[in-house]
Amino acid sequence: MAARKATAKAPAKPNVSADELKEYYRDMLLIRRFEEKAGQLYGMGLIGGFCHLYIGQEAVVVGLEAAAEEGDKRITSYRDHGHMLACGMDPKGVMAELTGREGGYSKGKGGSMHMFSKEKHFYGGHGIVAAQVPIGAGLAFSDKYKGNDRVTFTYFGDGAANQGQVYEAYNMAEIWGLPCIFVIENNQYAMGTSTARSTHSPSYWERGAAYGIEGEEVDGMDVLAVKAAGEKAVAHCRAGKGPYILEIKTYRYRGHSMSDPAKYRTREEVQEMREKRDAIEHVRQMLLTGGHASEEDLKAIDKEIKEIVNESAEFAKESPEPALEELWTDIYAEEAPQGEAV
């Protein structure tokens, strides 16, 4: 098989209706308000363990979900709440899981980093850096084996992009022609280490050229640019051309996790991104200047989103903690024949 060369040419932005643009605005705003509420609950001690917020990166998952179809799969790492909401998981179930309650998607046993939804084809939430990447390739292998025309979105960050299992997955995905879209969410910092200090490569997506995998860099603060790139990648995979790499340049406003004060960057840097590059504000201005929505319309959307988020928080608080018996559920065990010891 001849190696395919990587390409940096980005597709033209898609034409979208006013309703679609408002839907993207709503979906991104839901993620942000949900994450802000999660941060509050963490500060109140209602969320334990680690908690990694997605604030600032909303356009990535909203744009790619706009390019996905029913049955497509997605898998990611620990910064996963935004992915859950974007693929249609119930905010109540997500928030209940964050707080370790019975009403959560994993019955309160998965927490922030490890929840799943078979119905929404969401396969986690994984705490080990880059461990989800070969699993994503495996999900894509399953679809190719079944011949069902589905694709898998395998998300990981710029820090994970330096892990060895990523390149093993690249190699196998290309050899087997798997319908896997490798999505590098490059938010500029691997925990507290900037990309400038962690790699000499000019980009991450171009590393796929060594395996013959095509890809491109995308502006992750522009939801329409992400959608356009996602549609191109999806078409590539559905056409049987193998995997595709999207390096989506984005930015997180908060620290790596709730315990990270983010002193490795200046307040001015973060503020400049908020003021000049914010993905939600970008769509907001498009709606207003294009005459697609008024200030009152957008205020109504914001009010609706806040009510949904507040309801999810109340649901989580009222949901009971898992029963003690749940310690023994969801564990595989082989039952011994009667009269024999296990």
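Undergrad: Honestly, the packing of aromatic side chains in this entry has me stumped. Any pointers?
TA: What describes a pair of aromatic rings is the distance from one ring centre to the other and the angle between the planes of the rings. By the definition in use, this model includes 8 aromatic pairs. Consider the rings of Tyr167 and Tyr211, whose centres lie 6.3 Å apart with planes at 25 degrees: the pair is stacked. Of this pair, Tyr167 sits in helix α6 (residues 164–175) while Tyr211 is found in the loop between α7 (195–198) and β6 (214–219), placing the two residues 44 residues apart along the sequence. Judged by its relative accessible area of 27%, Tyr211 is partly exposed. For the pair Tyr170 and Phe182, a centre-to-centre distance of 4.9 Å together with 65 degrees between the ring planes defines the contact as edge-to-face. With Tyr170 in helix α6 and Phe182 in strand β3 (residues 180–186), this residue pair connects regions lying 12 residues apart in the sequence. According to the relative accessible area criterion, Tyr170 is buried, its value standing at 1%.

Undergrad: Is there a simple way to explain unusual backbone geometry in this structure?
TA: Peptide bonds are trans in most cases, and residues, glycine excluded, mostly fall at negative phi. Of note in this structure, Met191 is not a glycine but carries a positive phi near 60 degrees. Note that Met191 resides in the loop between β4 (189–190) and β5 (193–194). Even without glycine at this site, Ala262 takes up a positive phi of about 55 degrees. On the secondary structure map, Ala262 appears in the loop between β7 (244–249) and α9 (267–276).

Undergrad: Help me understand the sheet that holds β7, please; the structure alone is not making it clear to me.
TA: Whether parallel or antiparallel, the strands of a sheet pair through hydrogen bonds between backbone atoms. Here 5 strands make up an open sheet; going across it, the order is β1-β2-β3-β7-β6 and the pairing parallel. The open sheet terminates on both sides in strands that have one partner only, identified here as β1 (73–75) and β6. Going across the sheet, the axis of each strand differs from the next one's by a mean of 20 degrees, ignoring polarity. Examined bridge by bridge, β3 and β7 share 6 bridges and lie parallel to one another. Paired with Glu185 across the strands is Ile248, a residue of β7.

Undergrad: What is the right way to read the side chain of Ser77 from this model?
TA: Mapped onto the secondary structure, Ser77 falls in the loop between β1 and α3 (81–86). Residue classification places Ser77 among the buried positions, given a relative accessible area of 12%. The residues touching Ser77, leaving out its near neighbours within four places in the chain, are Gly125, His126, Gln132 and Tyr155.

Undergrad: What is the right way to look at the pattern of salt bridges in this model?
TA: Opposite charge on two side chains makes pairing possible when the charged atoms of those side chains draw close. Throughout the structure, instances matching the rule amount to 22 salt bridges. Notably, a salt bridge pairs Lys232 with Glu216, separated by 3.4 Å at the nearest N-O pair. Residue Lys232 is located in helix α8 (residues 223–238), and its partner Glu216 is located in strand β6; the two are separated by 16 residues in the primary sequence. Taken together, the shared-partner salt bridges connect Arg33, Glu36, Asp302 and Lys306 into one network.

About the criteria used
Residues numbered from 1 in each chain as written. Predicted model: local features only at pLDDT ≥ 70, side-chain atom pairs only at ≥ 80, totals over all residues. Heavy atoms only, no water. Phe/Tyr/Trp six-rings, centres within 6.5 Å; stacked < 30°, edge-to-face > 60°. Helix = DSSP H or I, 4+ residues; strand = E, 2+ residues; numbered from the N terminus. Buried < 20%, exposed > 50% of the residue type's maximum accessible area, 1.4 Å probe, protein only. Pairing = 2+ DSSP bridges. Axes fitted to C-alpha atoms, helices over the stretch in contact; angles between N-to-C directions. Contact = heavy atoms within 4.5 Å. Salt bridge = Lys/Arg side-chain N within 4 Å of Asp/Glu carboxyl O.

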